[in-house]
Amino acid sequence: MSRRDQIKMTPEEIDAFLHGRHVMNVATLGGDGRIHLVAMWYGFLHGKPAFWTYGKSQKVVNLRRDAHVTCLLEDGVEYAELRGVELVGTARVLDRFDDVLAVGTSVAERYTGPVTDEVRPFLEAQARKRVAVVIDVEKVVSWDHAKLRGTY
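Keep in mind the model is a prediction, meaning the values are calculated, not measured.

> What am I meant to see in the sheet that holds strand E7 (residues 130-144) here?
The pairing of strands in a sheet happens through backbone hydrogen bonds and is either parallel or antiparallel. Strand order in the open sheet made by the seven strands is E2-E1-E5-E6-E7-E4-E3, with antiparallel pairing throughout. This sheet does not close on itself; its edge strands, each paired only once, are strand E2 (35-40) and strand E3 (43-45). Sheet twist, expressed as the mean angle between neighbouring strand axes with direction ignored, is 35°. The pairing of strand E5 (residues 68-75) with strand E6 (residues 83-94) spans eight bridges and is antiparallel. Residue pairing for E6: Asp 75 is matched across the bridge by Arg 83.

> Before we go on, may I ask you to explain a nonpolar patch on the surface in this structure?
A cluster of nonpolar residues, Leu 29, Ile 35 and Leu 37, forms a patch on the protein surface that exposes about 300 Å² of accessible area. Assignment of secondary structure puts Leu 37 in strand E2. What makes Leu 37 exposed here is its relative accessible area of 56%.

> Please explain unusual backbone geometry as it appears in this structure.
Among all residues save glycine, negative phi is the norm, and among peptide bonds the norm is trans. In this structure, His 46 is a non-glycine residue whose phi angle is positive, near 50°. Here His 46 shows up in the loop between E3 and strand E4 (48-54).

> Sorry, what's going on with the pattern of salt bridges here?
Across all of its chains, the model carries eight salt bridges by this definition. Among the charged side chains, a salt-bridge network with shared partners connects Lys 48, Arg 92 and Asp 136.

> Explain the pairing of E2 to me, please; I cannot follow it from the model alone.
On any regular strand, side chains alternate: one points to one face of the sheet, the next to the other face. When strand E1 (residues 24-29) meets E2, the two strands line up antiparallel, connected through six bridges. Bridge pairing in E2 places Leu 29 opposite Ile 35. The hairpin turn running from E1 into E2, its antiparallel successor, is five residues long, and Gly 33 in that turn takes a positive phi close to 90°.

Cut-offs and rules
Residues numbered from 1 in each chain as written. Predicted model: local features only at pLDDT ≥ 70, side-chain atom pairs only at ≥ 80, totals over all residues. Heavy atoms only, no water. Pairing = 2+ DSSP bridges. Helix = DSSP H or I, 4+ residues; strand = E, 2+ residues; numbered from the N terminus. Axes fitted to C-alpha atoms, helices over the stretch in contact; angles between N-to-C directions. Patch = residues over 30% accessible without salt bridge, like charges linked within 9 Å, V, L, I, M, F, W, Y side chains within 5 Å. Areas by Shrake-Rupley, 256 points an atom, 1.4 Å probe, with all protein chains shown as cover. Salt bridge = Lys/Arg side-chain N within 4 Å of Asp/Glu carboxyl O. Buried < 20%, exposed > 50% of the residue type's maximum accessible area, 1.4 Å probe, protein only.

Right, dumping it as structure tokens:
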């Protein structure tokens with residue numbers, strides 16, 4: 001068995017990792033051919049990773065031109081504890097208010113806690129100014145160096 005095979009996460013481990021609180025680094029292709037990389041809080045829409053952002057943001061401009069996207073979520077400080085998941089796929093930019101609000105609500109709940117009646121009007125106002133981006137994942141690469149138990 002290769003070292004690469006030893007550190008792969010199982011589908012269940014990947015799902016648990018994705019549902020943890022991480023920052024998702026989102027890479028899109030800029031018009032000049034260079035990679036545009038940004039860090040985003042994310043949530044889910046119908047089980048798929050998603051984030052919300054302003055419709056005129058560079059990442060959305062890039063995705064409307066070329067929907068290819070690669071996302072990286074990682075954690076750990078010491079080599080023996082490094083874990084991560086790379087998601088390669090196609091992004092869909094959604095403009096429908098209900099979709100945008102659902103993603104914004106998911107993001108808010110994951111990073112700031114339950115959405116209350118006091119917070120909901122703020123989310124609704126933000127959703128009117130934003131779009132949602134859903135990642136249709138086509139390839140997953142994962143690693144968990146803790147599986148090596150310090151032998152690498």
